[in-house]
Amino acid sequence: MTPRVLKLYNFLSRKVEEFKPIRETVGLYTCGPTVYDYVHIGNWRTFVFEDILKRALLFNGYKVKHVMNITDIDDKIIKASRNQRLAFREIADKYEKAFFDDLAKLNIIKADIYPRATENISSMIQIIELLISKGFAYKTDDGVYFAIGKFKNYGELSNLSKRKIKTGARVAVDQYDKDQPADFALWKFPSGNTPGVNQAESLRTPGVSQVDPSWDAPFGKGRPGWHIECSAMAQKYLGDMLDIHTGGVDLLFPHHENEIAQSEAATDKKFVNFWLEGEHLLVAGEKMAKSLGNIYTLEEVIKRDFDPISLRYLFLTAHYRSKLNFTWKSLEAAQNTLENLTEEVLNWDDPKIGCAEFEGNFAQAINNDLDMPKAVSVMWELVKSDYPTSAKHQSILMMDKVLGLSLDKIKPEKLPEGAQELIQKREESRRQGKFEESDELRIKLQKMGVYVEDTPEGPRWKVKSKSK
Ligand code: AMP
Ligand code: ZN
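Residues numbered from 1 in each chain as written. Chains lettered and ligands numbered in written order. Predicted model: local features only at pLDDT ≥ 70, side-chain atom pairs only at ≥ 80, totals over all residues. Heavy atoms only, no water.

1. Comments concerning the nonpolar core
Counting residues in each nonpolar core, the largest one holds 135 residues, and the members touching the most others are Trp44, Phe99, Phe146, Ile244 and Leu341. It is helix 1 (residues 41–59) that contributes the most residues to this core, ten residues altogether. Structurally, this core is a two-domain feature, drawing no fewer than three residues from each of domain 1 (19–278) and domain 2 (304–409). If near-sequence neighbours (up to four positions away) are discounted, Phe146 is found in contact with Leu131, Phe136, Ala137, Tyr138, Phe151, Asp183, Phe184, Leu186, Ala261, Gln262 and Ala265. If you look at the next biggest cluster of nonpolar residues, it comprises seven residues, including Leu422, Ile423, Leu441 and Leu445. (Core = buried A, V, L, I, M, F, W, Y, C linked by side-chain atoms within 4.5 Å. Buried < 20%, exposed > 50% of the residue type's maximum accessible area, 1.4 Å probe, protein only. Helix = DSSP H or I, 4+ residues; strand = E, 2+ residues; numbered from the N terminus. Domains from an automatic or database assignment. Contact = heavy atoms within 4.5 Å.)

Here is the structure:
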């Protein structure tokens, strides 16, 4: 299939550009989770946006090689390990598993490779050695640092004004402020001084190592900084030059900026052609973030009786470059809309030839920098149209390849035994004007979990679980 023209907003040029891949297979790198706790639904907004991007590439006929890293060693994991008195591996494994469970519930297509930082330390060491030999990195008492002043394009992606860049200032922590561009740690020597760790408390913890996890390296035993892992794993699995790299906008600086500096200083090649950054999910106007204490997990969404796919639908109602304010009310509205949609699809004939008009408009929306709100509205125009239901069915399944609402898995609900007869009996009573009798039958059906609605086309029923 010949790819159509896909246009994407590139943060590097700050323009919408036509996407052209470097090789036949598109190299896509998406920054993955730090597995120190449950991923929150703000993180999931970014991961769903990345899933839509990948589906849009596939929809356009591209082959995609997708790599997402798992950060299983950093300040936050060490802090969690010390404070929860568990080995860092136990913390990382527990939350990595939870991440994959949630991923499946949101119908996100799995990446081709999920490299773990701890399994790719030698690749990181190689790049750091190269950076030292080329004069971009230097050693201090507490680690090896990247000298941002030596890299002439530093700040290009995040548009940092040059005057803010202080040569010689250094930060050891993995995450730091937008206003502090500074030399950053590529490698950290064990200090026993991880930020946020209660040392006195952790020293009393039996069975948990008091020393930061470390690996041997020519420049000294230690552990990698956060930024180097993405450069190393991207290069290892996708080559020196990538087509697309993504994350949430909070990663633009310093993380993505630092990735560019390390990678390009090492290879002398352009690291990434397209940088796409997803906007945040907010709560009461503020970024959803663990540090602000305003997070919700997918588990909580499910506990409140929401289908994870409703959350996915909610994410689709906003463009990925716009902020989205999360409320339970908006999730409820998304769930109701999705239920209406699945009910419609359930009553349609089997898919046959689709509607070219709507399929074309849908493709146009997708290819216009992933305009999902528009794509969803085209889908609804199709649903409300007068086309035969077999055609609508065909087209909606094609659209769902990008939307990922699992519309191909909708199966007619099964009525409990005896319910079909009661529905028929109730309909007869209604036709004969015996409304008291039909009401009694309605209540009887409700007790079985069957809810009947009268429509001009006859009675429609829904089976609801007792918990809803
Ligand atoms: P982290 O595990 O903190 O590195 O975050 C994983 C991904 O979630 C990154 O791409 C972040 O940019 C993204 N992210 C974090 N908070 C939010 C939020 N409130 N809304 C959308 N994406 C977010
Ligand atoms: Zn990254």
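2. Concerning the domain arrangement of the chain
Interfaces are often sized by the amount of accessible area the parts lose when they come together. Taken domain by domain, the chain comprises domain 1 (19–278), domain 2 (304–409) and domain 3 (419–463). With centres defined by C-alpha atoms, the gap from domain 2 to domain 3 works out at 30 Å.

3. Comments concerning the coordination of the zinc ion (ligand 2)
For the zinc ion (ligand 2), the full set of protein donor atoms is Cys31 (SG), Cys230 (SG) and His255 (NE2), and the range of their distances to it is 2.1 to 2.2 Å. Here the donor residues of the zinc ion (ligand 2) are spaced in sequence according to C-x198-C-x24-H. Here the residue Cys31 occupies a position in the loop between strand 3 (25–30) and helix 1, and His255 occupies one in helix 7 (residues 252–267), the gap between them amounting to 224 residues. The same class applies to Cys31 as to His255, namely buried. (Donors = N, O, S within 2.8 Å, 3.2 Å for Na, K, Ca; no water.)

4. Brief notes about the environment of Trp187
The topology assignment puts Trp187 in strand 8 (residues 183–188). Trp187 sits in the buried class, given a relative accessible area of 0%. The sequence separation of Trp187 and Met124 amounts to 63 residues, and the corresponding C-alpha distance is 9.1 Å. At 2.9 Å, the side chain of Trp187 and the backbone oxygen of Gly220 are in polar contact. (Polar contact = N/O pair within 3.5 Å; in protein donor to acceptor, adjacent residues only side chain to side chain.)

5. Some remarks on the pattern of salt bridges
Tallying each qualifying case throughout the model produces 25 salt bridges. When salt bridges that share partners are traced, they join Arg426, Glu427, Arg430, Arg431, Arg442 and Asp454 into one network. (Salt bridge = Lys/Arg side-chain N within 4 Å of Asp/Glu carboxyl O.)

6. So, helix 4 (residues 121–133)
Taking 1.5 Å of rise per residue, the 13 residues of helix 4 would be expected to cover 18 Å, and the 18 Å separating its terminal C-alpha atoms lies within 8% of that figure. Of all the residues in helix 4, the buried ones are Ile121, Ser123, Met124, Ile125, Ile127, Ile128 and Leu131. Against strand 5 (137–139), strand 6 (143–146), strand 8, strand 9 (223–224), helix 6 (226–238) and helix 7 lie the buried residues of helix 4. Backbone geometry just after helix 4 places Gly135 at a positive phi near 85°. (Expected span 1.5 Å × (residues − 1).)

7. Focus on the pairing of strand 16 (residues 458–463)
Within a regular beta strand, the side chains point alternately toward one face of the sheet and then the other, so they alternate between its two faces. In this structure, strand 15 (residues 450–455) lies alongside strand 16, joined through six bridges in antiparallel fashion. Residue pairing in the sheet places Val450 in a bridge with Val463 of strand 16. (Pairing = 2+ DSSP bridges.)

8. Structural notes on the UniProt feature "binding site: Zn(2+)" (unreviewed entry) in the chain
The feature "binding site: Zn(2+)" (unreviewed entry), as given by UniProt, occupies Cys31, Cys230, His255 and Glu259 in the numbering adopted here. These annotated residues cover 229 residues of sequence, and their C-alpha atoms all fall within 10.9 Å of one another, placing them together at a single site. According to the relative accessible area criterion, Cys31 is buried, its value standing at 5%. If we skip the residues at most four places from it in the chain, Cys31 touches Phe47, Met68, Asn69, Cys230, His245, Thr246, Leu251, His255, His256 and Glu259. You can call Cys230 buried: its relative accessible area is 1%. With near-sequence residues (within four places) excluded, Cys230 lies in contact with Tyr29, Cys31, Asn69, His255 and Glu259. (UniProt positions renumbered as here; feature names shortened; annotations may be inferred.)

9. A short note on the side chain of Arg223
Counting through the fold element by element, Arg223 comes out in strand 9. Within the structure, Arg223 has its side chain in polar contact with the side chain of Asp75 (distance 3.1 Å).

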